[in-house]
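Coordinate inspection notes
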Amino acid sequence: MTAAPVGEPAPALSVGEYTTPHLSFAEDLDVYRAAGAAGIGIDPDLKLGGCEIPGPEDVARFRDSGLTAAFAFPSIPSVIPLVEGSAGAGQPILDPAARVEVMCRSIRGLEAFEPGTIVCVTGPAGDLGPDRAWEIAVDGFARVARAADDIGAKLAVEPMHSSIAAEYSFLTSIPDTVRFLDDAGARNGAIMFDVWHLWDTDGLLEDIARHVDRIAGVHVNDRREPTRSWCDRVLPGDGIADVAGILGALDAAGYRGWYELEVMSDDGMFGASYPDSLWARDPLELVRSGVEKFHRTWVSRRPPARS
C-alpha cells in the first residue's frame with residue numbers, strides 16, 4: 001500500500017461548533033476562517049440560543065465570512081429525547097411528535113444559511129423498546145427529511161458508538177442506518193459518518209465500500225486511549241483509530257463530499273473536567289492544529305488492502 005501523492009490537495013474541511021463550544025457564533029466564523037477551514041457545522045442549540053429562526057445579524061455575519069454551511073443541526077437533534085445531560089439534550093420536549101414539529105420548523109429557519117446537509121440522530125430506544133423506537137423514529141424522520149428536502153438539503157442520520165447507545169442512538173452501524181433510511185423512504189436520506197463512533201465496528205471498510213453512496217459527510221476526530229467518556233476525543237492522528245486507513249477507504253470507494261473536524265473534550269461542560277481538555281486550549285490554535293492534522297492524515301491515507 002502506498003500513501004497518496006504529497007502534492008494532492010485535501011478535500012474541503014468544515015469545523016463543527018462543538019469543537020469550540022465556548023465561542024460565540026460570530027467568533028466561530030472568525031476563528032474557522034482564520035484557521036483555514038472552508039466551512040462550518042452550525043448548531044443553533046449550542047450557539048444561537050436554540051432559536052428556530054436565526055437573527056438577521058447572524059445570517060449577515062455568516063454571509064460575510066465566506067464560509068459554507070456544510071452541515072447544520074436542527075435546534076432539537078433527535079426524534080426520541082436524549083438522556084438528560086447529553087449534548088443536544090437542552091430542550092425539554094418529550095413527545096416525539098412535538099419534537100418533530102420543532103425540528104421541521106428549525107430546518108426551515110436554517111434555510112437562511114443554505115446548509116448542504118442537516119444532521120440528526122434517532123435518540124435511544126429506552127423504555128420504548130427497540131421495535132417501537134424504530135417505528136417512531138422512522139415516522140419522524142420521514143417528515144424531517146421532507147423538511148430538509150424543501151430547503152434543498154440532505155438529511156443525514158448519524159450512527160453512534162455502541163457504548164453510548166443508551167444515551168444517544170439505537171443506530172450504531174452503517175448497515176443498520178441504511179436499513180433505517182430505507183424504512184423511512186427518504187429520497188434525500190443519508191449517513192453522517194463519524195470516525196470516533198464507527199472506527200471499531202465490525203466490517204467497517206467493507207461497509208464503506210458497499211454503502212459509500214449513502215454517506216453525506218464525515219466527522220473527523222480520533223479515539224483517545226484510554227477513553228474516559230464520549231466527550232474525550234482527540235485530533236485526527238493523535239489517537240488509536242486508524243484514521244488514515246478510514247480516509248483511504250472513503251477515498252478509494254469514491255467519497256467526494258465534505259469532511260468536518262468535530263472534537264469534543266470535556267472541561268466541565270458535561271460533568272468531567274479533564275486537566276488536558278482540548279477545549280481549554282486557545283480556540284484558534286486548536287482549530288488551526290486540527291486543520292493541519294487533517295491535511296497531514298489525508299496525505300498519509302491508505303487504500304484498503306486487496307483480499
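Residues numbered from 1 in each chain as written. Predicted model: local features only at pLDDT ≥ 70, side-chain atom pairs only at ≥ 80, totals over all residues. Heavy atoms only, no water.

Regarding the pattern of salt bridges
Here the structure, examined in full by the defined rule, presents 20 salt bridges. Where Asp30 meets Arg33, a salt bridge forms, and the shortest distance between an N and an O atom there is 3.4 Å. On the criterion of helical spacing, the pair formed by Asp30 and Arg33 is a turn pair, its members being three residues apart in helix α1 (residues 25-35). Between Asp207 and Arg210 there is a salt bridge, with the nearest N and O atoms lying 3.2 Å from each other. Pair noted here: Asp207 and Arg210 are both in helix α8 (residues 204-211), with a separation of three residues, about one helical turn. Judged by its relative accessible area of 8%, Asp207 falls in the buried class. For Arg210, a relative accessible area of 53% corresponds to the exposed category. A network of salt bridges, in which partner residues are shared, links Arg224, Arg228, Asp232 and Asp276. (Salt bridge = Lys/Arg side-chain N within 4 Å of Asp/Glu carboxyl O. Helix = DSSP H or I, 4+ residues; strand = E, 2+ residues; numbered from the N terminus. Buried < 20%, exposed > 50% of the residue type's maximum accessible area, 1.4 Å probe, protein only.)

Observations regarding the sheet that holds strand β3 (residues 68-72)
Taking strand neighbours around the barrel as the criterion, the eight strands line up as β1-β2-β3-β4-β5-β6-β7-β10 in a closed arrangement whose pairing is parallel. Averaged over neighbouring strand pairs, the angle between their axes works out to 30 degrees when direction is ignored. In the sheet, strand β2 (residues 39-42) pairs with β3 via four bridges, with the strands oriented parallel. Bridged to Ile42 within β3 is Ala72. Strand contacts of helix α10 (residues 283-299): β1 (13-16), β7 (215-220) and β10 (259-261), with the helix running at about 140 degrees to β10, the strand carrying the most contacts. (Pairing = 2+ DSSP bridges. Axes fitted to C-alpha atoms, helices over the stretch in contact; angles between N-to-C directions. Contact = heavy atoms within 4.5 Å.)

Some words on the nonpolar core
Residues Ile118, Phe193 and Tyr259 are the most contacted members of the largest nonpolar core, which totals 79 residues. At ten residues, helix α5 (residues 130-150) tops the list of elements feeding residues into this core. With sequence-adjacent residues up to four places away left out, Tyr259 is seen in contact with Pro11, Ala12, Leu13, Ser14, Val218, Val220, Leu247, Leu250, Phe294 and Trp298. Membership of the second largest hydrophobic core comes to twelve residues, among which are Tyr18, Leu46, Leu82 and Met264. (Core = buried A, V, L, I, M, F, W, Y, C linked by side-chain atoms within 4.5 Å.)

Structural notes on the environment of Leu284
Within the element layout of this structure, Leu284 appears in helix α10. You can call Leu284 partly exposed: its relative accessible area is 25%. With 128 residues separating them in the primary sequence, Leu284 and Ala156 have C-alpha atoms 28 Å apart.

A look at helix α6 (residues 174-184)
Considered for burial, the residues of α6 that qualify are Ile174, Thr177, Val178, Phe180, Leu181 and Ala184. What you see down the axis of α6 is that its buried residues fit within an arc of 160 degrees, all on one side. One side-chain oxygen at the N-terminal end of α6 lies 3.3 Å from the backbone nitrogen of Asp176; it belongs to Ser173. At the exit of α6 stands Gly185, carrying a positive phi of roughly 65 degrees. (Arc of directions from axis to C-beta. Polar contact = N/O pair within 3.5 Å; in protein donor to acceptor, adjacent residues only side chain to side chain.)

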